[in-house]
Amino acid sequence: EPRSTPSLMSSLRALLIAAAAATSGARTVVPQPAALTRLQRLRGGNVLATPPDGFDGAVAAGSKKAAMPADKVFRLGVFSGVHIGFGALLMLTVGGACPGLAESNPGLHKLVLGAFGLPFGLMMTLLSGAELFTGNTALVTMALIEGKATTAGLVKSWVSSYAGNLAGSLLLAGLVSAAGGLPGGGGA
């Protein structure tokens with residue numbers, strides 16, 4: 001008897017659930033198809049969470065982030081700074097490698113720039129569970145507003161993630177500059 005292959009929707013569901021687990025700081029566990037069916041039953045047959053359920057999940061994630069030790073947030077922030085910086089480097093090297101496209105079709109050139117940069121950095125951050133300042137700003141603020149985090153936890157999370165993101169991006173910029181890896185030497 002032939003094995004049934006998972007559908008595109010079940011694969012997408014598994015990816016979305018794994019991504020949500022990664023951003024919440026939890027261990028990433030990709031559910032099996034039976035678990036997905038149970039999840040769908042819990043949500044009344046819907047694949048996606050309702051807005052109130054999504055908000056509750058964001059508040060819970062923000063509460064976890066606010067409770068994380070500052071040194072852990074900083075370390076994860078460094079990773080995220082490197083990821084986003086690497087996405088920017090990829091954008092510059094791929095987009096900078098097509099000057100003819102910039103002249104002949106500036107719109108397509110901008111699309112290429114956008115398609116290769118930030119999405120890559122964000123996906124790396126999402127899949128690794130690193131801490132990006134923008135995510136901390138949204139999630140921990142929601143947790144604070146809902147009374148699930150303290151002001152001290154908010155400030156700790158913001159400062160640690162911002163400092164980590166800055167340190168990671170500067171570290172990558174220094175390494176790339178020292179290696180001579182910037183298109184055109186990095187000069188203006």
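What counts and how
- The residue count restarts for each chain, going from 1 along the sequence in the order it is written.
- Totals for whole chains, interfaces and linings use every residue, but because this is a predicted model, local features are given only for residues with pLDDT of at least 70 and side-chain atom pairs only at 80 or more, for both listing and counting.
- Hydrogens and water are ignored here; the side-chain numbers use all heavy atoms of the structure.
- Every helix listed is a DSSP run of H or I at least four residues long, and every strand listed is a run of E at least two residues long, numbered separately from the N terminus.
- Accessible area is worked out with a 1.4 Å probe on protein chains only. A residue is then buried under 20% of its type maximum, exposed over 50%, and partly exposed in between.
- Residue contacts are counted whenever heavy atoms from the two residues lie within 4.5 Å of one another.
- Each accessible area value is a Shrake-Rupley result obtained with a 1.4 Å probe; residue values ignore everything except the protein chains displayed when judging cover.
- Throughout this description, the term nonpolar core refers to a set of buried Ala, Val, Leu, Ile, Met, Phe, Trp, Tyr and Cys residues connected via side-chain atoms within 4.5 Å.
- Given a helix with a known number of residues, its expected span is that number minus one, times 1.5 Å.
- One side-chain nitrogen of Lys or Arg within 4 Å of one carboxyl oxygen of Asp or Glu is enough to make a salt bridge.

Caption draft 1: Up close: the overall build of the chain. What the chain contains, in helices and strands, is 9 helices and 0 strands. N-terminal to C-terminal, the α/β element order of the chain is α-α-α-α-α-α-α-α-α. Evaluated residue by residue, the chain yields a buried proportion of 29% over its 188 residues. Here the contacts in the chain between residues at least 6 apart in sequence split such that 72% fall between residues at least 24 apart. Accessible area of the chain: about 11,300 Å², with a carbon and sulfur share of 70%.

Caption draft 2: Up close: the nonpolar core. In terms of nonpolar packing, the biggest core is built from 6 residues, these being V59, A66, V140, A143, A149 and L154. Elements with a contribution of two residues or more to this core: α3 (51-67) and α8 (133-145). If we skip the residues at most four places from it in the chain, V59 touches M142, A143, E146 and K148.

Caption draft 3: How the structure looks around helix α9 (residues 151-179). For α9, built from 29 residues, the straight-helix expectation of 42 Å at 1.5 Å per residue is met to within 8% by its first-to-last C-alpha distance of 42 Å. Within α9, the full set of buried residues consists of G153, L154, S157, S160, S161, G164, N165, G168, L172 and V176. Buried-residue contacts for α9 involve α3, α4 (70-96) and α8. Looking one or two residues past α9, G180 carries a phi angle of roughly 70°, positive in sign.

Caption draft 4: Representation of the pattern of salt bridges. Tallying each qualifying case throughout the model produces 2 salt bridges. With a shortest N-O distance of 3.0 Å, K65 and E131 are connected by a salt bridge. Here E131 lies in the loop between α7 (118-128) and α8 and K65 lies in helix α3, a separation of 66 residues in the sequence. With its nearest N and O atoms 3.2 Å apart, the salt bridge here joins R75 to D71. With R75 and D71 both in helix α4 and 4 residues apart, the pair spans about one turn of that helix. Judged by its relative accessible area of 48%, D71 falls in the partly exposed class.

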